[in-house]
Amino acid sequence: MSEKAAAASKSFFTPFNVVAGIIVIIGLILTALRFTGGLAAVTNLSDYNPWGIWIGFDLLVGVALAAGGFVTSAAVYLFGMKRYHSAVRPAILTGFLGYALVVLALNYDVGRPWRLPYPFVIQQGTTSVLFEVAACVALYLAVLFIEFSPAALEWLGLRKARRIVVKLTLLLTIFGVVLSTLHQSSLGALFLIAPSKLHPLWYSPYIPIYFFITSIIAGLSMVIFESTLSYRYLSHKMDETHLKEKNDVTLGFGKAASYVLAGYFAIKVIGISAGNHWHLLGTSYGLWFLVELFGFVALPCFLYAVGVRDKNLKLIRWTAVLALLGIILNRFNVCLIAFNWHLPSSERYFPHWMEIGISVFIVTIGVIFYKFIVTRMPILYKHPEYSDSH
Amino acid sequence: MSISRRKFLGWMGAAGLGTAFGSPAHAAANKHFKGYPESLGVLFDNMLCIGCRNCEAGCNKVNELPPPDRPFDDLTVLSKKRRTNTKVFTVVNRYDHFKGIKNPLFRKIQCNHCLEPACASACFVRAFTKTKEGPVTYDPSVCVGCRYCMIACPFEIPTYEYDEPLTPRIRKCTMCQPRIIDGKLPGCVEICPTEALSFGKRGDLIKIARERIKKYPDRYVDHIYGEHEMGGTSWLYLSGVPFKELAMREDLGVTPAPELTAGALSAVPMVAGLWPVLLTGLYAVSKRKEKIAKIEQQQAIASTLEKANAEAESKLSKALAKAQKEKAAAISKEVKKALEEAKKTQEKEGS
């Protein structure tokens, strides 16, 4: 809000503000409907389809796309790839906002959001994969907040606090990678309990590993995608180092993504082989599976490789978009499209426009916060008084 | 036993003790949980069911559910495939036209009260309990409303109050747990006029079912549905036609739901224990590489400097030597000159 107040002296009605403002107003109305009329008032959920796009998109896709934080910080602080240092802060910020929005979205989806701490403080259902997801997401959100805090502390001029936090970098990075490994994979493990509902081409004992590996692809691609957008709209906020390293980041992350996609393609084929599901590839679900596997795994793998070989940054950037669409498609397949495949079409789920509206509203909040923070805090540039850091 | 094992598994996961004890999923693999001894169940025999909907009415009454959309004596609803919902804990559906059977057959749907329930295993706040009497009960006072139980249940039984904005609950058959404790029959069993429903100890019900199959082998399919499905259920079914034809799934397998996720959960303490070691190791390797690179760089600089110094020195000393030589030559030349001059003057003076 203070952003708007500051901008009021100039022109308040920029295209961004107008569009974001309209979405926020609609979102607030839908929020009121959700918390007065219940889920039935705004969603198409049913007793057969208890999870819709608030889980399929907001939770599963949201957490995967927020993986850039752990991927980038691990590359730079653990594996010593210092040339990507300027990518760390934007990635951590995106991760932090991503997880914060996931938790916000869960408040719409669960029946009694104020009870979200119950699994920790009242009764621990430790046999549940969801317990592990909840514990790791809660802890990781805290980790991301601390990892992000130096930027805010520099902005606020709190030197002492900043110095303490910066000293924790290595510890926090390791903790972040452990937590990410656990909950990224556990989001896939959630579906292990329902072999009779998820189509066998997507149901696999390897599904936790699939989810973890795809989160790395999502994290790498998201860093490329986000840096492209930032450069386009916020390049005036970038310092020389950031501008100089930007193309290196795109090339390096594109290369890594190509490799990981190749490995992922291999383990997907191994999964089909292990389950002996070859005969299912000829069915309509099989064709859809092949579209995902070749169009959104093999193709981005190939295009990333070509882009890196030719140093074609434009191709790499568009490939990142393709790879991200592939992640979204995969999560939708597991949670919505190939889930409940045994039911007649009349019992299947399709999202209500108001569900989509809430999801758009939540993404918009993320963009507004990102813009607010990036235009104020040292994210895309180094604070001149703290240039000594790392 | 099941509960304690699942608890055990959970505690190990939570405390990260898995490293010390190994995977509980494997530890339990050579033991087969057959349910609480003496636990109760219900046997439904569709060759005895006449589709009167009395069980629906009885359930509605004892659970104090809202009045039905169509009165319970209206039997036309049977032909429509219905399911349970928040206001209906049990329904009966009719299936017509079977070869060799004149009458239609009926299927009763309600919670099957699994021996190792998927809902209880999936609940992250332990809202579900498999009681030692047999029923799987639900505690709305802790439920968060995440609906993972509905995802997990292979029989699609839990239903959710989607129209409740702030206090939605899961609703499902309780097998009349409060009545059972009081020594009464479940509502549906008590009202059934034909003994299509038999209530008793699960072990006895299985014996009764076997007896009926043995006595009337032409009448029944040789399978007791629920004896092993998903690790076994407290509700058991006998049928005159394959269960598939009554839309009961025959592809569920015999693995109890908790075992489906036990492997993934047992990996958690392993990752938590080993990842920090691996990552610290990778960090140390990259740090050491960096350090060695730095040392090598310094050494290279030092050696180049040394070389340059040595070269410079030798050049200097050469120059010095040359200069000295030149100086010496110059001196000797001067001396010579002076001597010669002295000689000359001497000669001059002498002459």
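Residues numbered from 1 in each chain as written. Chains lettered and ligands numbered in written order. Predicted model: local features only at pLDDT ≥ 70, side-chain atom pairs only at ≥ 80, totals over all residues. Heavy atoms only, no water.

Engineer: Help me understand the overall build of chain B in this model?
Structural biologist: Within chain B one finds 10 helices and 9 strands. In terms of C-alpha radius of gyration, chain B reaches 46 Å, well past the compact-globule figure of 20 Å for 351 residues. Projected onto its principal axes, the C-alpha positions of chain B cover 175 × 45 × 45 Å. Burial analysis of chain B (351 residues in total) assigns 45% to the buried set. Only carbon and sulfur atoms are counted for the fraction: they give 58% of the accessible area of chain B, which is about 19,500 Å². Looking at chain B, you have 54 positive and 39 negative side-chain charges, and the mean spots of the two groups are 2 Å apart. (Helix = DSSP H or I, 4+ residues; strand = E, 2+ residues; numbered from the N terminus. Rg over C-alpha atoms; globule rule 2.2 N^0.38 Å. Buried < 20%, exposed > 50% of the residue type's maximum accessible area, 1.4 Å probe, protein only. Areas by Shrake-Rupley, 256 points an atom, 1.4 Å probe, with all protein chains shown as cover. Lys, Arg positive; Asp, Glu negative; His and termini not counted. Charge placed at Lys NZ, Arg CZ, Asp CG, Glu CD.)

Engineer: Looking at this model, I keep getting lost on the overall build of chain A. Mind explaining?
Structural biologist: When helices and strands are counted, chain A shows 15 helices and 0 strands. The globule rule puts the C-alpha radius of gyration for 390 residues at 21 Å, and the 21 Å found for chain A is close to it. Sorting the 390 residues of chain A into buried and exposed places 57% on the buried side. Taking the contacts inside chain A whose residues are at least 6 apart along the sequence as the reference set, 81% of them involve residues at least 24 apart. Roughly 16,100 Å² of accessible area belongs to chain A as shown, and the carbon and sulfur atoms make up 71% of that amount. Chain A carries 29 positive and 18 negative side-chain charges, and their two centres are separated by 4 Å. (Contact = heavy atoms within 4.5 Å.)

Engineer: Is there a simple way to explain the packing of aromatic side chains in this structure?
Structural biologist: Aromatic rings considered in pairs are described by the distance between their centres and by the relative angle of their planes. All names here are of chain A. Applying the stated criterion across every chain yields a total of 24 aromatic pairs over all chains. A centroid spacing of 6.1 Å and a plane angle of 70° characterise the contact between Trp-54 and Tyr-108, whose relative ring orientation is edge-to-face. Of this pair, Trp-54 sits in helix α4 (residues 53-65) while Tyr-108 sits in helix α6 (residues 88-109); the two residues are 54 residues apart in sequence, bridging distant segments of the chain. Looking at Trp-54, the relative accessible area reads 1%, which means it is buried. The buried category is assigned to Tyr-108, whose relative accessible area is 6%. Between Phe-120 and Phe-131, the aromatic rings sit 5.8 Å apart at their centres with planes inclined by 50°, giving tilted as the arrangement. Of this pair, Phe-120 sits in helix α7 (residues 118-121) while Phe-131 sits in helix α8 (residues 129-156), and the two are 11 residues apart along the sequence. (Phe/Tyr/Trp six-rings, centres within 6.5 Å; stacked < 30°, edge-to-face > 60°.)

Engineer: For this particular structure, what's the right way to read the interface of chain B and chain A?
Structural biologist: Accessible area lost during the coming together of the parts is what is often quoted as the interface size. Listed per partner, the contact involves 60 residues of chain B and 60 residues of chain A. It is Phe-124, Ile-151 and Tyr-162 of chain B that lose the most area in chain B upon contact with chain A, and together they represent 15% of the buried surface on that side. The interface formed by chain B and chain A holds 2 salt bridges in total. Between Asp-109 of chain A and Arg-147 of chain B there is a salt bridge, and its shortest N-O distance comes to 2.9 Å. Across the contact surface, chain B and chain A share 33 residue pairs in polar contact (both at pLDDT 80 or more). Elements with a minimum of two residues in the side of chain B that touches chain A: α1 (2-15), α5 (118-122), α6 (148-152), β6 (159-160) and α10 (257-350) of chain B. The element that contributes the greatest number of residues to the side of chain B that touches chain A is α10 of chain B, accounting for 16 residues. Its residues placed into classes, the side of chain B that touches chain A shows 38 nonpolar, 11 polar and 11 charged. (Buried area = accessible area lost by both parts, 1.4 Å probe. Salt bridge = Lys/Arg side-chain N within 4 Å of Asp/Glu carboxyl O. Polar contact = N/O pair within 3.5 Å; in protein donor to acceptor, adjacent residues only side chain to side chain. Nonpolar A, V, L, I, M, F, W, Y, C, P; charged D, E, K, R; others polar.)

Engineer: Can you walk me through the nonpolar core in this structure?
Structural biologist: A general tendency of soluble globular proteins is for nonpolar side chains to be buried together. Formed by 189 residues in total, the largest nonpolar core has its most connected members in Phe-148 and Phe-191 of chain A together with Tyr-148 of chain B. In terms of residues, this core owes the most to one element, α8 of chain A, which gives 14 residues. Excluding residues within four positions of it along the chain, Tyr-148 of chain B makes contact with Trp-51, Ser-128, Val-129, Leu-130, Ala-189, Leu-190 and Ile-193 of chain A together with Ala-122 of chain B. (Core = buried A, V, L, I, M, F, W, Y, C linked by side-chain atoms within 4.5 Å.)

Engineer: What exactly am I supposed to notice about the environment of Met-222 of chain A here?
Structural biologist: Residues and elements named next belong to chain A. Among the secondary structure elements, Met-222 is positioned in helix α11 (residues 207-234). A sequence separation of 155 residues divides Met-222 from Ala-67, and the C-alpha atoms of the two residues are 8.2 Å apart. In this view, Met-222 contacts Leu-65, Thr-94 and Leu-324; residues no more than four positions away in its chain are not counted.

Engineer: Quick question: what am I supposed to make of a nonpolar patch on the surface here?
Structural biologist: Residue and element names in this part refer to chain A. A grouping of Phe-13, Val-18, Ile-22, Ile-26 and Trp-353 is seen on the molecular surface, where their side chains present a nonpolar patch of about 540 Å² in accessible area. Per-element accounting of the nonpolar patch gives the leading share, 3 residues, to helix α2 (residues 15-37). With respect to the helices, strands and loops of the structure, Ile-22 is situated in helix α2. (Patch = residues over 30% accessible without salt bridge, like charges linked within 9 Å, V, L, I, M, F, W, Y side chains within 5 Å.)

Engineer: Is there a simple way to explain the environment of Gly-95 of chain A in this structure?
Structural biologist: All names here are of chain A. Among the secondary structure elements, Gly-95 is positioned in helix α6. Judged by relative accessible area, Gly-95 falls into the buried class, the value being 1%. Taking C-alpha positions, Gly-95 is 9.1 Å from Gly-219, a pair spaced 124 residues apart along the chain. If sequence neighbours within four positions are ignored, Gly-95 has contacts with Ala-66 and Leu-144.

Engineer: Honestly, the sheet that holds strand β8 (residues 197-201) of chain B in this entry has me stumped. Any pointers?
Structural biologist: Adjacent strands of a sheet pair through backbone hydrogen bonds, lying either parallel or antiparallel. Residue and element names in this part refer to chain B. A sheet is described by the order of its strands in space; here 3 strands give the open sequence β8-β1-β9, paired in mixed fashion. Two strands in the sheet have a free side with no partner beyond their single neighbour: β8 and β9 (235-238). Going across the sheet, the axis of each strand differs from the next one's by a mean of 25°, ignoring polarity. Relative to β8, strand β1 (residues 40-45) is paired through 5 bridges, and the arrangement is antiparallel. Across the sheet, the residue bridging to Gly-41 is Gly-200, located in β8. (Pairing = 2+ DSSP bridges. Axes fitted to C-alpha atoms, helices over the stretch in contact; angles between N-to-C directions.)

Engineer: What am I meant to see in the state of the cysteines here?
Structural biologist: In protein chemistry, a disulfide is the covalent bond that joins the sulfur atoms of two cysteines. Residue and element names in this part refer to chain B. The final tally for this structure, using the stated rule, is 0 disulfides over all chains. You can see Cys-176 has no disulfide; the closest cysteine sulfur is in Cys-188, sitting 6.4 Å from it. Of the cysteine sulfurs around Cys-188, a residue in no disulfide, the closest is that of Cys-55, at 6.4 Å. For Cys-188, a relative accessible area of 8% puts it in the buried group. (Disulfide = S-S within 2.5 Å.)

Engineer: Which parts of the structure should I look at to understand the confidence of the model for chain B?
Structural biologist: Low-pLDDT stretches of the model should not have their predicted coordinates read in fine detail. All names here are of chain B. Of the residues in chain B, 91% reach a pLDDT of 70 or more, and the chain-wide mean stands at 88. Per-element mean pLDDT across chain B ranges from 40 in helix α2 (residues 18-21) up to 97 in β9. Confidence drops under pLDDT 50 across residues 8-28; counting only partners more than four residues distant or on other chains, this segment forms 22 contacts. Interface confidence for the predicted complex, expressed as ipTM, amounts to 0.90; the pTM equals 0.87. (pLDDT = per-residue confidence, 0-100.)

Engineer: What should I look at first to understand the pattern of salt bridges in this one?
Structural biologist: Once the charged atoms of two side chains with opposite charge are near each other, the side chains can pair. Under the counting rule described, the total for this entry stands at 17 salt bridges over all chains. Between Arg-82 of chain B and Glu-56 of chain B there is a salt bridge, with its nearest N and O atoms 2.6 Å apart. Remark: Glu-56 of chain B occurs in helix α4 (residues 54-62) and Arg-82 of chain B occurs in the loop between α4 and β2 (91-95); sequence separation between them is 26 residues. Accessibility classification places Arg-82 of chain B together with Glu-56 of chain B in one group, the buried group. Between Arg-179 of chain B and Glu-190 of chain B there is a salt bridge; the shortest N-O distance is 3.1 Å. One end of the pair, Arg-179 of chain B, is in helix α7 (residues 177-181); the other, Glu-190 of chain B, is in helix α8 (residues 187-191), and 11 residues separate them in sequence. The class of Arg-179 of chain B is buried, set by a relative accessible area of 15%. Linked by salt bridges that have partners in common, Arg-89, Glu-154 and Arg-162 of chain A make up one network.

Engineer: Help me understand the pairing of β1 of chain B, please; the structure alone is not making it clear to me.
Structural biologist: Along any regular strand, the residues point their side chains to alternate faces of the sheet. Residue and element names in this part refer to chain B. Most of β1 sits inside the fold, with 6 of its 6 residues counted as buried. Neither face of β1 is left uncovered, since the one carrying Leu-40, Val-42 and Phe-44 and the one carrying Gly-41, Leu-43 and Asp-45 both have all their residues buried. In the sheet, β1 pairs with β9 via 4 bridges, with the strands oriented parallel. Counterpart to Leu-43 in the pairing with β9 is Leu-236.

Engineer: Is there a simple way to explain the pairing of β2 of chain B in this structure?
Structural biologist: Residues and elements named next belong to chain B. Of all 5 residues making up β2, 4 are buried, and the element is well covered by its neighbours. Pairing of β2 with strand β3 (residues 105-109), which is carried by 5 bridges, proceeds in the antiparallel orientation. The partner of Val-91 across the bridge, within β3, is Ile-109.

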